[in-house]
Every structure is written in structure tokens, then in C-alpha cells.
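Observations on chain architecture
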Amino acid sequence: QVQLVESGGGLVQPGGSLRLSCAASGSIFSINTMGWYRQAPGKQRDLVAVITSGNITNYADSLKGRFTISRDNAKNTVYLQMSGLKPEDTAVYYCHAVVAIATMGRLFEYSYWGEGTQVTVSS
């Protein structure tokens, strides 16, 4: 089974920077799309950024320029570099991956979510 392990969350002051990491482990044939979503209390889970296996990125419009997503395919890891953090960025950040898994000689594609990591922007 595939597991997404997140790291890098925590408390940061407004204007600060934070780098989130998410490593996928398990019997993975390939990872198509990896991304980050976030959910603030009382709100829906929204897209932060996604990146394809071809390094095509897509960002939430409001975050473009402050957040940067990248991936290391050799490590099955996706990163989210966050800068100029604001209190409204406070949320649980979830890693997501669309993973191809070989089963009985066939490839199956599955969607996986991490458990989420808390990012709190506060002085």
C-alpha cells in the first residue's frame, strides 16, 4: 500500500517561509500527479498547487508567486516552498498523489492522501 509522509509543517511567523515535503513510499510503479491542498477550519479543502510527472504546474491564482511546487521523481517526493506567509495561510496542508501501481501484471491508478500537516502562521 502507498503511504504519503509529510514533513515541514509547524509554526511560522507572518512573512516567514516554510518548506513542506511529502514522500510517497510503497510499491509504486510511477506517480502521475502530485500536489498540495489545504483546508482551514470551517472551509472546504482547496487546491494549493499540483505538478505533473512532466513538471507542469498549476497553482491557485491567489497563491501564484508566493508558493512554489516542485518534485523529485527519484525520491517520489513533492515539495511546497511557501514564502511571505500570512495568517490566512493557516490550515492543514494535505499531500496528494495519483499513483500507478502494478498488480497482477497490470497497472492501476489510485488517488492517495496524506494525513495532513498543520501550518500555523502567527506571531
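Right above here is the structure, for reference.
Presented here is an overview of the structure given in this document. (Residues numbered from 1 in each chain as written. Predicted model: local features only at pLDDT ≥ 70, side-chain atom pairs only at ≥ 80, totals over all residues. Heavy atoms only, no water.)

So, about the overall build of the protein. Each helix and strand counted, the protein has zero helices and eleven strands in total. Going from the N terminus to the C terminus, the protein shows its helices and strands as β-β-β-β-β-β-β-β-β-β-β. Along the first, second and third principal axes, the C-alpha atoms of the protein reach 50 × 25 × 25 Å. Taking all 123 residues of the protein together, the buried fraction comes to 41%. Put simply, of all contacts in the protein between residues at least 6 apart along the chain, 55% involve residues at least 24 apart. Accessible area for the protein stands at about 6700 Å²; split by element, carbon and sulfur atoms hold 48% of it. Here the protein carries 10 positive and 8 negative side-chain charges, and the mean point of each set is 3 Å from the other. (Helix = DSSP H or I, 4+ residues; strand = E, 2+ residues; numbered from the N terminus. Buried < 20%, exposed > 50% of the residue type's maximum accessible area, 1.4 Å probe, protein only. Contact = heavy atoms within 4.5 Å. Areas by Shrake-Rupley, 256 points an atom, 1.4 Å probe, with all protein chains shown as cover. Lys, Arg positive; Asp, Glu negative; His and termini not counted. Charge placed at Lys NZ, Arg CZ, Asp CG, Glu CD.)

Turning our eyes to something else, we now look at the nonpolar core. Judged by nonpolar contacts, the single largest core of 32 residues is most densely connected at Trp 36, Leu 80, Met 82 and Tyr 93. When contributions to this core are tallied by element, the ones reaching two or more residues are strand 3 (18-25), strand 4 (30-39), strand 5 (46-51), strand 7 (67-72), strand 8 (77-82), strand 9 (91-103) and strand 11 (117-121). Per element, the largest residue contribution to this core is six residues, and it comes from strand 9. (Core = buried A, V, L, I, M, F, W, Y, C linked by side-chain atoms within 4.5 Å.)

Here we come to the sheet that holds strand 1 (residues 3-7). Spatial ordering of the open sheet is given by 1-3-8-7, a layout of four strands whose pairing is antiparallel. Both edges of this open sheet fall to strand 1 and strand 7, since each of them pairs with a single strand only. If you compare each strand with its neighbour and ignore which way they point, the axes differ by 15° on average. Two strands pair when backbone bridges link them, and strand 7 and strand 8 are joined in this way by six bridges, in the antiparallel orientation. When the bridges of strand 8 are listed, Ile 69 appears paired with Leu 80. (Pairing = 2+ DSSP bridges. Axes fitted to C-alpha atoms, helices over the stretch in contact; angles between N-to-C directions.)

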